[in-house]
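Chain residues, written in single-letter form:
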Amino acid sequence: MSRFRVFVLLAADALRDALRSRVGVGVLLVAVLLVLGVDRCTGAPSDGITFNGRELPASVVGTIFGPLCFLVLSFVLVAAAALIASDALARPVDDGSASLWLARPVGRATYALSRLAGGLVLVAVIALGVLGIATAMLASRYGLDWRVGISGYVTFVADAFVVSAVAMLLSLHLPRMLTLFGVFLWLQYVAFTNGLHVVGALSEGGGRLVEGWGPPLGTALLFAVGPWAGLHLSPEQRALVAGRLAVWAAVAVALLVLSFRRRDLR
Amino acid sequence: MALSAAPDAAHPAIALELAGATRLYGARRALDRVSLAVPAGAAVGLLGPNGAGKTTILRLALGLVAPSSGSVLLRGRDPFNPRAREKVGWLPERPALPARMTVIDFLRLHGELAGLAGADLENEIDARLAEMGLADRVTERLGGLSKGLAQRVGFAQALLGSPELVFLDEPTSGLDPLGIRDARVWIAAARARGATLVVSSHVLTEIERLCDHVVILHEGRIAASGPLGELLRDGESLEDAYVRVVRGAPAAELAP
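Here the structure is a predicted model, which is why all the values come from computation and not from measurement. (Residues numbered from 1 in each chain as written. Chains lettered and ligands numbered in written order. Predicted model: local features only at pLDDT ≥ 70, side-chain atom pairs only at ≥ 80, totals over all residues. Heavy atoms only, no water.)

Visitor: Please give an account of the overall build of chain A that cites residues and values.
Guide: When you go through chain A residue by residue, the secondary structure sums to 11 helices and 2 strands. For chain A, the spread of C-alpha atoms along the three principal axes comes to 65 × 40 × 35 Å. Put simply, chain A has 266 residues, and 50% of those count as buried. Accessible area for chain A stands at about 12,300 Å²; split by element, carbon and sulfur atoms hold 70% of it. When the 21 positive and 14 negative side-chain charges of chain A are each reduced to one mean point, those points stand 10 Å apart. (Helix = DSSP H or I, 4+ residues; strand = E, 2+ residues; numbered from the N terminus. Buried < 20%, exposed > 50% of the residue type's maximum accessible area, 1.4 Å probe, protein only. Areas by Shrake-Rupley, 256 points an atom, 1.4 Å probe, with all protein chains shown as cover. Lys, Arg positive; Asp, Glu negative; His and termini not counted. Charge placed at Lys NZ, Arg CZ, Asp CG, Glu CD.)

Below is the structure:
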């Protein structure tokens, strides 16, 4: 049997496993709440809102609220991806069920990547629903270009991939709660730093280091949905951010595979 | 140990070979310079007290752990190479079955990974389910099964795809007397179709019935090994030989 066929079989099993887990059900519930929240938040009157005594037309509200809404939703869903990934490989390794599959002609890398893929597919499908509905609401209520939402969704998938791989890697070495705490803290810090950088408010220090070398999770999303706020980037700027994200994805996956390759299994 | 099969690329004469294999867990030496060769077609029983290294040998053989030093070859290949594990079945001592999966989904996926497909897959699963008395349990979740039923599911997955090499770790653990009798029949059937068996067990009568070669491990080393007939002295039972080797006799490590 080809390695790809083995990967597909195991990824499908990982997807079913994630769906049946409490974490998977929890993420689905959060997704429903997010959709309800978006509906409520985008339900501003069509003639705009009054903010600090100033009349803001719907078109202006959209340019601020659209990217903000998309970013918040994306980061919640990226955190959900980390939640699923932190459980997807560490649990079968800890309870010993991974050994049964790995006693078959299944490579360690194939197994680890299939577990990563299964969780990612679940989050990607949920995000397609949540971000798709959000984009549709933003387009119909504020007149924002729905095609920007597609670019935002693709960027979200890339972000979720990087964060899932990092969470899965950490989960092999740290207790689950510590893994989640670390990943969530890191996510917030990166997002905050990226945000400050984009608005030109980033000072010297650790933030610069994260902005220069860390994964551009927030930057990539901000750039993707930037056109809603009139932010247009050159192809070079886009390539730089995409390249950094790709390097982080490659390094995270390589470390995950290396880490799992010779790990003792129960 | 005498070789019992002609070698070729797909069917190497030595099913499992350990050469000076040592495995450390922290400071503890679970296996200490063990050399062992299991000929294809043989049925080898691993005996020894708790912590003697029986399960460690099986885990090394399956590439679940790596040796700290020395080497392990499974069907002529590094066990970490997935191809080495083609046509290999394994029943762990307490099979950690994925609790959320149903019996049928679990066996279907194992069957596919064992290289079965289409009608062959369905026919073989049906046969195993009937054989193991699981036909009316197919939709039950594995997490809800009793220990005995879980062991039967473990047997079913280990024997799917007619493996050429089967590792059984305490195969009758958790089974009731009828289950133990059934298990002997399943193992004998695998043996009859020419599969190589490596069985780790505390039940000496089981080893005596099923195996033609015995390896007695003690404190991570081979204390004695060889064909069953040669290991026993005049009028001695396997139990007598085991006690003699483990309790008193100096280590008589036998090379492959």
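Visitor: Now, about the interface of chain B and chain A: what can you tell me, with residues and values included?
Guide: Chain B puts 33 residues into the contact, and the matching count from chain A is 30 residues. Buried area between chain B and chain A, summed over both chains or domains, comes out near 2,700 Å², and the portion from carbon and sulfur atoms is 58%. Area buried by chain B at its contact with chain A is led by Leu64(B), Arg100(B) and Leu113(B), which between them contribute 27% of it. Linking chain B with chain A are 3 salt bridges, by the criterion used here. Where Glu112(B) meets Arg5(A), a salt bridge forms, and the shortest distance between an N and an O atom there is 3.1 Å. Across the contact surface, chain B and chain A share 13 residue pairs in polar contact (both at pLDDT 80 or more). At the level of secondary structure, the elements contributing two or more residues to the side of chain B that touches chain A comprise β1 (14–25), β5 (88–91), α2 (103–113) and α4 (147–159) of chain B. Here the side of chain B that touches chain A takes 6 residues from α2(B), the largest share from any one element. (Contact = heavy atoms within 4.5 Å. Buried area = accessible area lost by both parts, 1.4 Å probe. Salt bridge = Lys/Arg side-chain N within 4 Å of Asp/Glu carboxyl O. Polar contact = N/O pair within 3.5 Å; in protein donor to acceptor, adjacent residues only side chain to side chain.)

Visitor: An account of helix α3 (residues 58–88) of chain A is requested, with residue identities and associated values reported.
Guide: Residue and element names in this part refer to chain A. Here α3 spans 43 Å end to end across 31 residues, near enough to the 45 Å set by a 1.5 Å rise per residue. At Phe65, α3 shows its largest kink, close to 30 degrees, and the proline Pro67 lies no more than four residues downstream. For α3, the tally of buried residues reaches 22 of 31 residues, placing the bulk of the element in the interior. (Expected span 1.5 Å × (residues − 1). Bend = angle between axes of the 7 residues up to and from the residue.)

Visitor: So what's going on with the confidence of the model for chain A? Which residues, and what values?
Guide: Within chain A, residue pLDDT values average 89, and 98% of them lie at 70 or more. When mean pLDDT is taken per element in chain A, helix α7 (residues 146–171) of chain A scores highest with 96 and strand β1 (residues 49–51) of chain A scores lowest with 73. (pLDDT = per-residue confidence, 0-100.)

Visitor: So, the packing of aromatic side chains: which residues are in play, and what are the values?
Guide: Residues and elements named next belong to chain A. What the rule picks out here adds up to 8 aromatic pairs over all chains. Here the aromatic rings of Phe65 and Tyr142 are separated by 6.3 Å at their centres, their planes lie at 65 degrees, and the arrangement is edge-to-face. One end of the pair, Phe65, is in helix α3; the other, Tyr142, is in helix α6 (residues 108–142), with 77 residues separating them in the sequence. Positioned above the aromatic ring of Phe260 is the side chain of Arg108, whose terminal nitrogen or guanidinium carbon lies 5.5 Å from the ring centre. (Phe/Tyr/Trp six-rings, centres within 6.5 Å; stacked < 30°, edge-to-face > 60°. Lys NZ or Arg CZ within 6 Å of the ring centre and 35° of its normal.)

Visitor: I'd love a proper account of a nonpolar patch on the surface, names of residues and values included.
Guide: Nonpolar side chains collect at one region of the surface, where Leu170(A), Leu174(A), Leu178(A), Phe181(A) and Leu185(A) lie side by side and expose about 440 Å² of accessible area between them. Relative to the helices and strands, Leu170(A) is located in helix α7. (Patch = residues over 30% accessible without salt bridge, like charges linked within 9 Å, V, L, I, M, F, W, Y side chains within 5 Å.)

Visitor: Describe in detail the sheet that holds strand β9 (residues 221–227) of chain B, supporting the description with residues and values.
Guide: All names here are of chain B. Overall, mixed pairing links the 6 strands, which are arranged β5-β6-β7-β3-β8-β9 in an open sheet. Looking at strand neighbours, the two that pair on one side only are β5 and β9, the edges of this open sheet. In this sheet, adjacent strand axes meet at a mean angle of 15 degrees when their direction is disregarded. Of the pairings in the sheet, the one linking β5 to strand β6 (residues 165–169) comprises 4 bridges and is parallel in character. Each residue of the ladder has a partner; that of Trp90, found in β6, is Phe167. (Pairing = 2+ DSSP bridges. Axes fitted to C-alpha atoms, helices over the stretch in contact; angles between N-to-C directions.)

Visitor: For the sheet that holds β1(B), give the residues involved together with the corresponding values.
Guide: Residue and element names in this part refer to chain B. In space, the 3 strands of this open sheet follow the order β2-β1-β4, with antiparallel pairing throughout. Each edge of the open sheet is held by one strand with a lone partner, namely β2 (28–39) and β4 (69–74). This sheet shows a mean twist of 20 degrees between the axes of neighbouring strands, independent of strand direction. As judged from the 5 bridges shared by β1 and β4, these two strands associate in the antiparallel manner. If you follow Leu16 over to β4, its bridge partner there is Leu74.

Visitor: Requested: an account of the nonpolar core, with residues and values cited.
Guide: The biggest cluster of nonpolar side chains holds 165 residues, and the ones touching the most others in it are Phe156(A), Leu18(B), Phe155(B) and Phe167(B). Considering each element in turn, this core owes the most residues, 16 residues, to α3(A). Discounting chain neighbours no more than four positions away, the residues touching Phe155(B) are Leu91(B), Met132(B), Leu168(B), Pro171(B), Leu175(B), Ala183(B), Trp186(B) and Ile187(B). (Core = buried A, V, L, I, M, F, W, Y, C linked by side-chain atoms within 4.5 Å.)

Visitor: Lay out the confidence of the model for chain B in plain terms, naming residues and giving numbers.
Guide: Note: predicted coordinates in regions of low pLDDT should not be interpreted at a detailed level. All names here are of chain B. For chain B, per-residue confidence averages 89 on the pLDDT scale, and residues scoring 70 or more make up 93% of the total. When the criterion is pLDDT under 50, residues 1–7 qualifies, and its contacts beyond four places in sequence or with other chains add up to 18 contacts. With pLDDT under 50 throughout, residues 250–256 is counted as low confidence; its partners more than four residues away or in other chains account for 14 contacts.

Visitor: Lay out the environment of Ala220(A) in plain terms, naming residues and giving numbers.
Guide: Residues and elements named next belong to chain A. Along the chain, Ala220 turns up in helix α10 (residues 217–225). Along the backbone, Ala220 and Ala82 are 138 residues apart, and their C-alpha atoms lie at a distance of 18 Å. Apart from the residues within four sequence positions on either side, Ala220 is in contact with Thr155, Asp159, Val241 and Leu245.

Visitor: Before we move on, can you summarise the packing of helix α2 (residues 22–41) of chain A against α3(A) with the specific residues and values?
Guide: Residues and elements named next belong to chain A. Their axes nearest at 10 Å, the elements α2 and α3 cross at an angle of 175 degrees. Looking at the two axes, α2 sits roughly antiparallel to α3. Contacts between α2 and α3 involve Val23, Val27, Val30, Leu34, Val38 and Cys41 from the first element and Phe65, Cys69, Leu73, Val76, Leu77, Ala80, Leu83 and Ile84 from the second. Class assignment for the residues of the contact of α2 with α3 results in 14 nonpolar, no polar and no charged. (Parallel < 35°, antiparallel > 145°, perpendicular 65-115°, else oblique. Nonpolar A, V, L, I, M, F, W, Y, C, P; charged D, E, K, R; others polar.)

Visitor: Could you give an account of the pattern of salt bridges, with specific residues and numbers?
Guide: Counted by the stated rule, this structure contains 23 salt bridges over all chains. The salt bridge partner of Asp264(A) is Arg23(B), with a shortest N-O separation of 2.3 Å. With one member in each of two chains, Asp264(A) in the segment after α11 (235–261) and Arg23(B) in strand β1 form a pair that bridges those chains. The class of Arg23(B) is buried, set by a relative accessible area of 9%. One connected set of salt bridges, linked through shared partners, spans Asp13(A), Asp17(A), Asp87(A), Arg91(A), Arg115(A), Arg176(A) and Arg100(B).

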